[in-house]
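One-letter residues, chain by chain:
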Amino acid sequence: MNSSLLTASTPSSTRPSLLSSSSINPTPLRFKTSCRVKRRRFRVTIPRNSASSSDQPAASTSVTTAGVFGGKKELSGIQPVVEKLSPPVRLATSAIILAGAIAAGYGLGFRFGGNRNVALGGAAVAGAAGGATVYALNAAVPEVAAISLHNYVAEFDDPGAVKKEDIDRIANKYGVSKQDEAFNAEICDIYCLFVTSVLPTGGEDLKGDEVDKIINFKNSLGIEDPDAAAMHMEIGRRIYRQGLETGDRDGSVEQRRAFMKLIYVSTLVFGEASSFLLPWKRVFKVSDAQVEIAIRDNAKQLYANRIKSLGRDIDVEQLASLREAQRSYRLSDELAEELFREHIRKLVEESISSALAILKSRTRTVRGVTQVVEVLDKVLAFNNLLISLKNHPDADRLARGVGPVSLIGGQYDLDRKMDDLKLLYRAYVTDSLSGGRLEENKLAALSQLKNILGLGKREAEAILLDVTSKVYRKRLAQVVSSGDLELADSKAAFLQNLCEELHFDPEKASEIHEEIYRQKLQQCVADGELSDEDVAALLKLRVMLCIPQQTVDDAHLDICGSLFEKVVKEAIASGVDGYDAEIKKAVRKAAHGLRLTRDVAMSIASKAVRRIFLNYVKRARTAENRTEAAKELKKMIAFNTLVVTELVADIKGESSGTPSEEPTTEEEKQPAEDDEWESLQTLRKIRPSKELAAKMGKPGQTEITLKDDLSERDRTDLYKTYLLFCLTGEVTKIPFGAQITTKRDDSEYLLLNQLGGILGLTASETVAVHRGLAEQAFRQQAEVILADGQLTKARVEQLNELQKQVGLPTQYAEKVIKSITTTKMAAAIETAVNQGRLNIKQIRELKEANVNLDSMISESMRENLFKKTVDDIFSSGTGEFDETEVYEKIPSDLNLNAEKAKALVQDLAQSRLSNSLIQAVSLLRQKNRQGVVSSLNDLLACDKAVPSEPLSWEVPEELVDLFAIYTKSEPAPEKLSRLQYILGINDSTAAALREMGDRTLPVGAEEENFVF
């Protein structure tokens, strides 16, 4: 057995282990030795170490210089000799040594032994020794080649200078193959050391050139991918074990980061082959998702570091290079776009922060605002550059994420930062309008700046409107003071041109004009009235600013109206006793000095007065009884007469003694209802006579009413309340539950008339209230008189007397009487229908008497009456059925649907048809011949309504007996023929029955079942 296999399988205790390394990049000597020991544990045979492990432990290679691969190794033993021999020389030397040893052994054996056998033995022994020498010489060749390879690589300070040709030349020099165990092991050691030196430690980031360095060095060494992948896995094992052995959490995290970097770099080095060359999942229990995360995180880190070099002077070459870097890093387009946008946003945020620092500086000057605008212009230029690059023809080969700038997702994407961004936007808008006009390029820049800052449309428009409004006011003041606006031929065109220069909404300009006019109007009415000079100045301002007349009227109504309303409220608040000459003077001055039209002044006064009226109405509604409610209404009438009437006269500029035209107008409208006014006593009383009118004084005004404030029902209820008060008088309660009623004179009815005017009741509505009360009183007593519903001559005389007492017109009294009698009659008719005492003949008599049965008898009851009538026809025993009578006349009399009535008749006929036959058979068995004939006639009547097919019976003889009995009753031929068909009797049997005469009927016939 080869002793090298045993020595290689057990690591020497004098050499440091892989697990003893405490960092990712240990010293070259310790890592090299541990790497070889580790590799031997997996590859088993390492000849170059086994040759010296037992014989010359002190003669191992030593490091002479520091570096990635350590110092040079020194040759020992036979290695210097082997190093001097080329393969041909080494082969010739081996042959010479072997031949010389055999010859020398043969000579010595022959000399000392004296015979041929001893000479051959000596030759064999000497040949074996020579062979061992030759074997040792050739066995040292791979080790010497490996040492030469190591010393060659160790000579370079930059491992990238290693050339594949030099390594091939070393292999050819010693005549060894790269696949030789020792030589390949040295290549793997060198590669492992290089990869370890290239990878950063756990706390450092990848620089981006690691993959290219490793690939170039791998190609220079000529190491195969499986061997290189094995070294990557070996490094991973060491890092993995170090992570397990690390005691602190930070160290474990650092080792994990180093492992993730190894996975990422290894994946890029081997490309698509990494899926089967690097079994991370099988060896380290690493999932595919974790591998993807390692690739994603490290790719993001590399791409982010690469983007940091980009500034605001981005060009196409830089973006194309960045795109190539993204692909080489295996970073997805989504993440690349996110990182690029984040970098661009940070660049813009730096500019925004510097601009805000200048803007918020306490020592800010005009130059400071200019600097802010310059910074924002640079941001806009940068944004335009990115937009142009996004629209580049070769945009597909440029970095992802190139496009307009946005602060969304950054440090300024917060509500508390929005005010700062609004300040910047306002500063830029102010600078754009500093020249008194807004250029087109500035308008486009403002739109872009709004999008960059992430301002909403409303927020940006509000800022622009605020600043533009101030500039417009300033420009307007300049053109007014200079006289340019007044001298302009078309003032509207002049103002429109001014709005176009500022890109200002003409409607907003009109609002400013209105506000200016209102301010001027408030200044003019500061003393409580408008002079002629004020009116002229306002007219001039209105013409210059092109203010519509409606806007002017609204302004006067608002401003002058508020002043007038104040005067009116003071007048109203003075009360019944306080409306003196001074108040009258103030009202007249306000009404005419403020240049308000009569309609406007009355409208303002109406609002204030109606508010007081409604307070009186509210108190009247919440009063405890009718008397208290009437008192509140009386107060309202007095307030209207003493205060409101005077107020209206002062507004109109009339004398308080001038009679109002409104009552006269109302009087002219009332003759159409004179009959009712004369018949109703209460209505006659509210029309004052001349003497009473003179005694009561002037009437109250009727222009301000509550017609639009209260519904018609509420107004009539209030009027009815006071009317009942006039009728019943004032009721006063005294102790012991008694009460005293104080009658009022007719003057209360005059106040009632004024109340109707305040409530805005028309003549017809007033008449309706009075008539309603009279009708109610008449109905209550008429119902007592007509308790049984009978209208006699004596009762008619009573009702006529009652009508005269309450003053109810004849037509309304007759309507009440008819309603009472109709109700009583309807109850009686309904009772008769339910008890079956009402037939169709009586119904027709009632209809002839013009009694409306539709309203008295419900439809369901009329249907029941119809069914009863038809049932009587089917059970009359005559056999007659008049279709016109049943299908048309009777439904018409009962106001029923003809189709529905016909369906009811047919359903009833079908059910009665079978019952009639059963009844006939039953009477036959009872020997009741007359009853049999009647039942058969009923059968024929049902057959006329619903024609029947021939009937069957289990005892045919009984059908024959029925026919025989019916024959003897001498019926009409058509009835007899139809009965023969229905009973299923043939002609011969029928003829025989006619000839036989009477037939003895069977006695005690048994009850039979029947089938139809």
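Since we're looking at a predicted model, the values are computed, not measured.

Before going further, it helps to examine the overall build of the chain. Across its full length, the chain carries 47 helices and two strands. Residues counted as buried form 43% of the 1012 residues belonging to the chain. A separation threshold of at least 6 residues defines the contact pool for the chain, and within that pool the share at least 24 residues apart is 74%. Surface summary for the chain: the accessible area is close to 53800 Å², and the carbon and sulfur share equals 51%.

For helix H42 (residues 883-893), the complete set of buried residues consists of Val886, Tyr887, Ile890, Pro891 and Asp893. A positive phi of about 55 degrees marks Asn895, the residue just after H42.

Inspection of every chain in the model, using the stated rule, returns eight aromatic pairs. Taking 5.1 Å as the distance between ring centres and 35 degrees as the angle between the ring planes, the aromatic pair formed by Tyr472 and Phe504 counts as tilted. Taken as a pair, Tyr472 in helix H20 (residues 457-482) and Phe504 in the loop between helix H22 (491-502) and helix H23 (506-524) lie far apart in primary sequence, 32 residues in all. The structure contains a cluster of three or more aromatic residues connected by ring pairs, namely Phe259, Trp280 and Phe284. Above the plane of the ring of Tyr887 lies Lys902, whose end atom (NZ or CZ) is 5.5 Å from the centre.

It is worth spelling out the side chain of Gln326 at this point. Residue position: Gln326 is located in helix H15 (residues 316-328). For Gln326, a relative accessible area of 1% gives the class buried.

Turning to the confidence of the model for the chain, a few remarks are in order. Here the chain averages 76 in pLDDT, and 76% of its residues register 70 or above. Here helix H1 (residues 3-9) stands out as the element of the chain with the lowest mean pLDDT, 30, in contrast to H20, whose mean of 91 is the highest. Across residues 998-1012 the pLDDT falls below 50, and counting only partners more than four positions away or on other chains, this stretch makes 31 contacts in the model.

This part covers the side chain of Ser432. Mapping Ser432 onto the fold places it in helix H18 (residues 415-432). In this structure, Ser432 is in contact with Arg437, Leu438, Lys442 and Leu446, ignoring residues within four places of it in sequence.

Once that is clear, we can look at the pattern of salt bridges. All told, the structure shown has 36 salt bridges when counted by the stated rule. Here Arg397 ties to Asp394 by a salt bridge, and the two come within 3.6 Å at their closest N and O atoms. Here Asp394 falls in the partly exposed class, since its relative accessible area comes to 36%. For Asp532, the salt bridge identified is with Arg595, shortest N-O distance 2.8 Å. Note that Asp532 is positioned in helix H24 (residues 532-545) and Arg595 in the loop between helix H27 (581-593) and helix H28 (598-621), a separation of 63 residues in sequence. Classification of Asp532 as exposed rests on a relative accessible area of 57%. One network of salt bridges, in which partners are shared, links Arg437, Glu439, Arg475 and Glu501.

Glancing now at unusual backbone geometry. Residues other than glycine seldom take positive phi values, yet Lys285 does so here, at roughly 60 degrees. Here Lys285 is to be found in the loop between helix H13 (280-284) and helix H14 (288-307). Despite not being glycine, Cys546 has its phi angle at roughly 55 degrees, a positive value. Positionally, Cys546 belongs in the loop between H24 and helix H25 (549-573).

This part takes up a negative patch on the surface. Side chains of Glu204, Asp205, Asp248, Asp250 and Glu254 sit close together on the surface and give a patch of like negative charge. Within the secondary structure, Glu254 is located in helix H11 (residues 249-270). With relative accessibility at 34%, the residue Glu254 sits in the partly exposed group.

Another point: the nonpolar core. The biggest cluster of nonpolar side chains holds 187 residues, and the ones touching the most others in it are Tyr191, Trp280, Ile352, Tyr472, Phe564 and Leu647. Leaving out residues up to four positions away in the same chain, Tyr191 has contacts with Ile214, Phe217, Lys218, Leu221, Ile223, Ala228, Met231, His232, Val269 and Phe270. Counting residues in each nonpolar core, the second largest holds 49 residues, with Val932, Val933, Leu939 and Val960 among its members.

Right, let's talk about the environment of Ser819 for a bit. By secondary structure assignment, the location of Ser819 is in helix H38 (residues 810-835). For Ser819, a relative accessible area of 30% puts it in the partly exposed group. For the pair Ser819 and Arg779, spaced 40 residues apart in sequence, the C-alpha separation works out to 9.6 Å.

It is worth spelling out helix H44 (residues 929-945) at this point. Compared with the 24 Å implied by 1.5 Å per residue over 17 residues, the 25 Å span of H44 between its first and last C-alpha is a close match. If you check the start of H44, you find a side-chain oxygen 3.0 Å away from the backbone N of Gly931, and it comes from Asn928.

Right, let's get into the packing of H23 against H25. Taken N-terminus to C-terminus, the directions of H23 and H25 make an angle of 40 degrees; their axes are 10 Å apart at the nearest point. By the angle class used here, H23 and H25 are oblique. Note that H23 runs across H25; the crossing there is right-handed. Contacts from Glu514, Tyr517, Arg518, Leu521 and Gln522 of H23 reach H25 at Thr551, Val552, Asp554, Ala555, His556, Asp558, Ile559 and Cys560. Looking at side-chain class alone, the contact of H23 with H25 contains six nonpolar, three polar and four charged residues.

If you walk through the whole model with that rule in mind, you get zero disulfides. In this model Cys524 remains outside any disulfide bridge; the closest cysteine sulfur is found in Cys560, 9.3 Å from its own.

Let us now look at the environment of Ser510. The topology assignment puts Ser510 in helix H23. Separated by 35 residues in sequence, Ser510 and Leu545 have C-alpha atoms that sit 8.2 Å apart.

With respect to the secondary-structure elements, Asp315 resides in the loop between H14 and H15. Residue classification places Asp315 among the partly exposed residues on the basis of a relative accessible area of 32%. Note: C-alpha distance between Asp315 and Leu389 (74 residues apart in sequence) is 8.2 Å. At 2.8 Å, the side chain of Asp315 forms a polar contact with the backbone nitrogen of Gln318.

Moving on, we come to the packing of H23 against H24. Remark: H23 packs on H24, axes separated minimally by 11 Å, with the N-to-C direction vectors making an angle of 175 degrees. Here H23 lies roughly antiparallel to H24, going by the angle between them. Contacts from His513, Ile516, Tyr517, Lys520, Leu521 and Cys524 of H23 reach H24 at Asp534, Ala537, Leu538, Leu541, Arg542 and Leu545. Considered class by class, the residues forming the contact of H23 with H24 number eight nonpolar, one polar and three charged.

Reading the values: the criteria
Residues numbered from 1 in each chain as written. Predicted model: local features only at pLDDT ≥ 70, side-chain atom pairs only at ≥ 80, totals over all residues. Heavy atoms only, no water. Helix = DSSP H or I, 4+ residues; strand = E, 2+ residues; numbered from the N terminus. Buried < 20%, exposed > 50% of the residue type's maximum accessible area, 1.4 Å probe, protein only. Contact = heavy atoms within 4.5 Å. Areas by Shrake-Rupley, 256 points an atom, 1.4 Å probe, with all protein chains shown as cover. Phe/Tyr/Trp six-rings, centres within 6.5 Å; stacked < 30°, edge-to-face > 60°. Lys NZ or Arg CZ within 6 Å of the ring centre and 35° of its normal. pLDDT = per-residue confidence, 0-100. Salt bridge = Lys/Arg side-chain N within 4 Å of Asp/Glu carboxyl O. Patch = residues over 30% accessible without salt bridge, like charges linked within 9 Å, V, L, I, M, F, W, Y side chains within 5 Å. Lys, Arg positive; Asp, Glu negative; His and termini not counted. Charge placed at Lys NZ, Arg CZ, Asp CG, Glu CD. Core = buried A, V, L, I, M, F, W, Y, C linked by side-chain atoms within 4.5 Å. Expected span 1.5 Å × (residues − 1). Polar contact = N/O pair within 3.5 Å; in protein donor to acceptor, adjacent residues only side chain to side chain. Axes fitted to C-alpha atoms, helices over the stretch in contact; angles between N-to-C directions. Parallel < 35°, antiparallel > 145°, perpendicular 65-115°, else oblique. Left-handed = near helix turned anticlockwise from the far one by under 90°. Nonpolar A, V, L, I, M, F, W, Y, C, P; charged D, E, K, R; others polar. Disulfide = S-S within 2.5 Å.

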